[in-house]
Amino acid sequence: MKKDPLKPTTLKDVAKAAQVDISTVSRVLQNKGRVGDETRQRILDTVKRLGYQANPAARALKTSKSSTILMVVPQIENPIFASTIISAEIEARRIGYTLVVAYDGGGMGSDIIRDISRSNLIEGVIIASFDDDDQLRQTLASTDRPHVIINRVLPGDQNCIAIDTYEATRIGVQHLIDLGHRRIGHLAGRLGRFNGEMRRRGWADSMKSAGIEPESCLVAEAAYEPDMVPNAVDALLSADVTAIHAATLLTSAAAIARLHAVGKRIPDDVSVVTLHDDLLARVVFPQISTVELPADEMGKKAVQRLRSLIEGETDAFEGPLLLAPGSLIQRSSTIELNS
């Protein structure tokens, strides 16, 4: 008897087509237990061919668990969070979980987590936050669910996954130094916070290594907010910079817009380099030189670690994870000084 094309493919259908037990299919889809490489690939090929998709609602009725993960982010428009959300959603779906994304634009993380947890059976929380350490701890205290913090390291919390933006900044600033620049401004994130300080120190240490004094007038804080960029860029221009290192891709695009507005040629008058490669870096004029950041890996690993916490499998990792940056991609926003 042929399968009804209008009925969704079930786990039983996959197991029958792949000639294995249902439990074997379940282990492969949840990436748990040992399954031979040939069998694993046959199951994955069958899943793709039959178009099988896990049914979280059915699982919730059967197990009293929703297999739902909540992700809270402070900026939806920030490309690094967009990349992280996409990869996290793909990984969550792959292992049979549903990802729900909530926007925390004003330090309301505690309320958001409480409200969503009340109305949905949330298994765990992935959170990115611009709040200070104490506020973030208060937010985490609002739930008894397992959590993973992304894009920063919270002292004393072992469940953190971040990117080494200190090293990424050093790579970007060194690129400007190699091009002959000495008056290099840093368009900073939120100073006094994890990423803001990581990037400021990366800029300062690169300058010192090249024998350049990292003067305070060469740092202007924009706090990841495009609206704050024009005043910050004007301050850096007053310090006679020939190049700007921007803490984020979003603020680098805003910086280029401001430089155009005040009649500066890029890169002839001012070179610009930033962090994270995304579509935005390629559609502005000029295209932006940047250092690759593994945002997709951060999202994927956050889901994997949270699932381990949810299911009590904590032996697979130890402490915070700091992901290494990728390579510098040079585009037309940077040029050799006086070339």
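Read on for an overview of the structure. Since the structure is predicted, the reported quantities are computational estimates derived from the model, not experimental observations.

Notes on the sheet that holds strand E7 (residues 219-221)
Taken together, six strands build an open sheet; the order of strands is E7-E6-E8-E9-E10-E12 and the sheet is mixed. Taken across any chain shown, the strands that pair with only one partner, and hence form the sheet edges, are E7 and strand E12 (328-329). The pairing of strand E6 (residues 184-188) with strand E8 (residues 243-246) spans four bridges and is parallel. Across the sheet, Leu187 pairs through a bridge with Ala246, a residue of E8.

Things to note about a nonpolar patch on the surface
Taken together, the side chains of Ile76, Val101 and Tyr103 make up a nonpolar region of the molecular surface, amounting to roughly 270 Å² of accessible area. Take Tyr103: it is sitting in strand E2 (residues 98-103). Relative accessible area serves as the criterion here: at 48%, Tyr103 is assigned to the partly exposed category.

Looking at the packing of helix H5 (residues 79-94) against helix H13 (residues 295-310)
H13 packs onto H5 with a crossing angle of 40° between their chain directions and a minimal axis gap of 7 Å. Between H5 and H13, the crossing angle belongs to the class labelled oblique. Remark: the crossing between H5 and H13 carries right-handed chirality. Residues Ile80, Ser83, Thr84, Ser87, Ala88, Glu91 and Ala92 of H5 lie in contact with H13, whose contacting residues are Ala295, Asp296, Met298, Gly299, Lys300, Val303 and Gln304. Each residue belonging to the contact of H5 with H13 can be placed in one class, and the counts come to six nonpolar, five polar and three charged.

Observations concerning the nonpolar core
Counting residues in each nonpolar core, the largest one holds 35 residues, and the members touching the most others are Ile184, Leu187, Trp203, Met207, Val229, Ile244 and Leu259. If one sorts the elements of this core by residue count, helix H11 (residues 249-261) sits on top with six residues. Counting 31 residues, the second largest nonpolar core, distinct from the first, contains Phe81, Ala88, Ala168 and Leu323.

Regarding unusual backbone geometry
Note the cis peptide between Ile266 and Pro267, where omega equals 10°. Omega for the peptide link from Phe285 to Pro286 comes to -5°, which places this bond in the cis form. Position of Pro286 among the secondary structure elements: in the loop between helix H12 (279-283) and strand E10 (289-291). Backbone geometry places Gln19, a non-glycine residue, at a positive phi of 60°. When you line up the elements, Gln19 lands in the loop between helix H1 (11-18) and helix H2 (22-29). Overall, Gln19 belongs to the exposed group, its relative accessible area being 70%. Its identity is not glycine, yet Asp240 carries a phi of approximately 60°, on the positive side.

Rules used throughout
- Residues numbered from 1 in each chain as written.
- Predicted model: local features only at pLDDT ≥ 70, side-chain atom pairs only at ≥ 80, totals over all residues.
- Heavy atoms only, no water.
- Pairing = 2+ DSSP bridges.
- Helix = DSSP H or I, 4+ residues; strand = E, 2+ residues; numbered from the N terminus.
- Patch = residues over 30% accessible without salt bridge, like charges linked within 9 Å, V, L, I, M, F, W, Y side chains within 5 Å.
- Areas by Shrake-Rupley, 256 points an atom, 1.4 Å probe, with all protein chains shown as cover.
- Salt bridge = Lys/Arg side-chain N within 4 Å of Asp/Glu carboxyl O.
- Buried < 20%, exposed > 50% of the residue type's maximum accessible area, 1.4 Å probe, protein only.
- Axes fitted to C-alpha atoms, helices over the stretch in contact; angles between N-to-C directions.
- Parallel < 35°, antiparallel > 145°, perpendicular 65-115°, else oblique.
- Left-handed = near helix turned anticlockwise from the far one by under 90°.
- Contact = heavy atoms within 4.5 Å.
- Nonpolar A, V, L, I, M, F, W, Y, C, P; charged D, E, K, R; others polar.
- Core = buried A, V, L, I, M, F, W, Y, C linked by side-chain atoms within 4.5 Å.

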